[in-house]
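# Report on the structure
Take a look at the letters that make up each chain.
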Amino acid sequence: MSGPDISVVVCVYTEDRWEDILAAVSSVRAQSRPALETLLVVDHNAALLDRLAKEYKASGQVRVLANAGPRGLSAGRNTGITAARGDVVAFLDDDAVAERDWLRHFAEGYADPRVMAVGGRTVPIWASGRRPAWFPAEFDWVVGCTYKGLPPGRVRVRNVLGGNASFRRSAFDVAGGFATGIGRDGDKRPLGCEETELCIRLTRARPEAVLLIDDRAVIHHRVPEAREHFGYFRTRAYAEGLSKALVARSVGADKGLESERRYAARVLPAGVARGLRDAVLARPGGAGRAGAIVAGVLTAAGGYVVGSLRARRGTTTFAVAGIEGEAGDSS
């Protein structure tokens, strides 16, 4: 098959998601454009590592690896990148399933040699069966999904979203790997933005690089019941502010907040207006959505202020990994 060979990396950390992990791998194996390999990277969980190694022992296309770095998603992804044999490395969340043509749409984007990354569209699967009436689509990034305000089609973007993304292998040679200390690291606070920092670093190292999102490359992401509540919404928004402060420290506020300024100035006011209009028309959840947008902005801003102060005091650290060699596997 023409086009790049694609390795798929799925980072996993808990046996509580056992069925989700199996479903994620099955969705990769069912692709219309087959993956070269699937790499399951286990984050410092010996029992899960052993169980997955046994589950896929007979598989020639699924490799089970231990995270070779510190605990956390960034180090897990870096382990997968190091071990990957493909020309392109794609990332899929462990609680998501990819549609059949996911990798085909990724591969099409790389026909242009300037393209260094292609992301896709992530659709929420709500545990309750439907979106909570108060939950604004403009904040679907809170639950790891594509949010209202991103342009449709195949479009150029500042950064792809990490749970549904792919990069040329050479991108990591140019820019290094994911920074540890920015994203999720086993702490209870749901940090993020490690892919944003990497994408900005990549385009600084290679200004001609093109990064795309293709909304035909679809995955479906499970949203557990605990994340459908306002308490999680508020916690995640605050953590996003903390993470954005680290990104701004790494790459500068100009690039680090470029997309966020447009989002705050255009997308969110329109969302508030829609919510208030729906409230006037007695439509369910309108006032709640408008209030959640305002609360989310204020909470994220508070997190950013706190994160900026911590960064200035030197109480937060992060490191960028170089990518080289190949990790061993356990399968």
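In what follows, the structure referred to is the one given above.
The present account deals with the structure reproduced in this document. (Residues numbered from 1 in each chain as written. Predicted model: local features only at pLDDT ≥ 70, side-chain atom pairs only at ≥ 80, totals over all residues. Heavy atoms only, no water.)

## Looking at the overall build of the protein chain
Across its full length, the protein chain holds 10 helices and 11 strands. Classification of the 331 residues of the protein chain by burial places 54% in the buried group. A sequence separation of at least 24 residues applies to 81% of the contacts in the protein chain between residues at least 6 apart. Within the structure as shown, the protein chain displays about 14300 Å² of accessible surface, and the carbon and sulfur contribution to it stands at 52%. (Helix = DSSP H or I, 4+ residues; strand = E, 2+ residues; numbered from the N terminus. Buried < 20%, exposed > 50% of the residue type's maximum accessible area, 1.4 Å probe, protein only. Contact = heavy atoms within 4.5 Å. Areas by Shrake-Rupley, 256 points an atom, 1.4 Å probe, with all protein chains shown as cover.)

## Examining the environment of R114
By the secondary structure assignment, R114 is in the loop between α4 (102–109) and β6 (115–126). Sequence separation between R114 and A209 is 95 residues; the distance between their C-alpha atoms is 5.3 Å. With near-sequence residues (within four places) excluded, R114 lies in contact with E208, A209 and V210. Reaching out from R114, the side chain makes a polar contact with the side chain of D112 at a distance of 2.8 Å. (Polar contact = N/O pair within 3.5 Å; in protein donor to acceptor, adjacent residues only side chain to side chain.)

## Re unusual backbone geometry
Unlike most non-glycine residues, H44 shows phi in positive territory, near 55°. For A282, which is not glycine, the phi dihedral falls at a positive 60°. Residue position: A282 is located in the loop between α9 (258–280) and α10 (286–313).

## Considering the side chain of D214
By the secondary structure assignment, D214 is in strand β10 (residues 210–223). At 3.4 Å, the side chain of D214 and the side chain of R154 are in polar contact. Non-local contacts of D214, meaning those with residues more than four positions away in its chain, are made with H105, V118, G119, G120, R121, G153 and R154.

## Examining the pairing of β6
For β6, the tally of buried residues reaches 9 of 12 residues, placing the bulk of the element in the interior. Sheet topology places β6 next to β10; 10 bridges connect them, and they run parallel. If you follow V115 over to β10, its bridge partner there is V210. Two strands pair when backbone bridges link them, and β6 and strand β8 (residues 164–168) are joined in this way by 3 bridges, in the antiparallel orientation. By the bridge assignment for β8, V118 is matched with S166. (Pairing = 2+ DSSP bridges.)

## Notes on the pairing of β10
Across the 14 residues of β10, 10 count as buried, placing the element largely inside the fold. As defined by bridge partners, strand β5 (residues 96–98) adjoins β10 across 3 bridges and the pair is classed as antiparallel. Bridging across to β10, A96 finds its partner in H221. Pairing between strand β7 (residues 154–156) and β10: 3 bridges, direction antiparallel. When the sheet's bridge partners are listed, V155 is paired in β10 with I213.

## Describing the nonpolar core
Judged by nonpolar contacts, the single largest core of 35 residues is most densely connected at V8, V12, L40, L52, L92, W102 and L103. Per element, the largest residue contribution to this core is 6 residues, and it comes from helix α1 (residues 18–29). Counting 27 residues, the second largest nonpolar core, distinct from the first, contains C11, A117, F167 and A175. (Core = buried A, V, L, I, M, F, W, Y, C linked by side-chain atoms within 4.5 Å.)

## Things to note about the packing of aromatic side chains
Under the defined criterion, the tally for this structure stands at 16 aromatic pairs. Seen in terms of ring centroids, F139 and F233 are 5.2 Å apart; in terms of plane orientation they differ by 45°. Their pairing is tilted. Pair noted here: F139 is in the loop between β6 and β7 and F233 is in helix α7 (residues 230–251), with a separation of 94 residues, a long-range link. No difference in accessibility class separates F139 from F233, as the two residues are buried. (Phe/Tyr/Trp six-rings, centres within 6.5 Å; stacked < 30°, edge-to-face > 60°.)

## Some words on helix α6 (residues 194–205)
The terminal C-alpha atoms of α6 lie 17 Å apart, and with 12 residues this matches the ideal 16 Å at 1.5 Å per residue to within 8%. Taken across its 12 residues, α6 has 9 buried, putting it largely inside the fold. Those residues of α6 lying buried are E194, E195, T196, E197, L198, C199, I200, R201 and L202. (Expected span 1.5 Å × (residues − 1).)

## A closer look at the environment of P224
Topologically, P224 is positioned in the loop between β10 and α7. On the accessibility criterion, P224 (31% relative accessible area) is partly exposed. Sequence-wise, P224 and W126 are 98 residues apart; in three dimensions their C-alpha atoms are separated by 6.8 Å.

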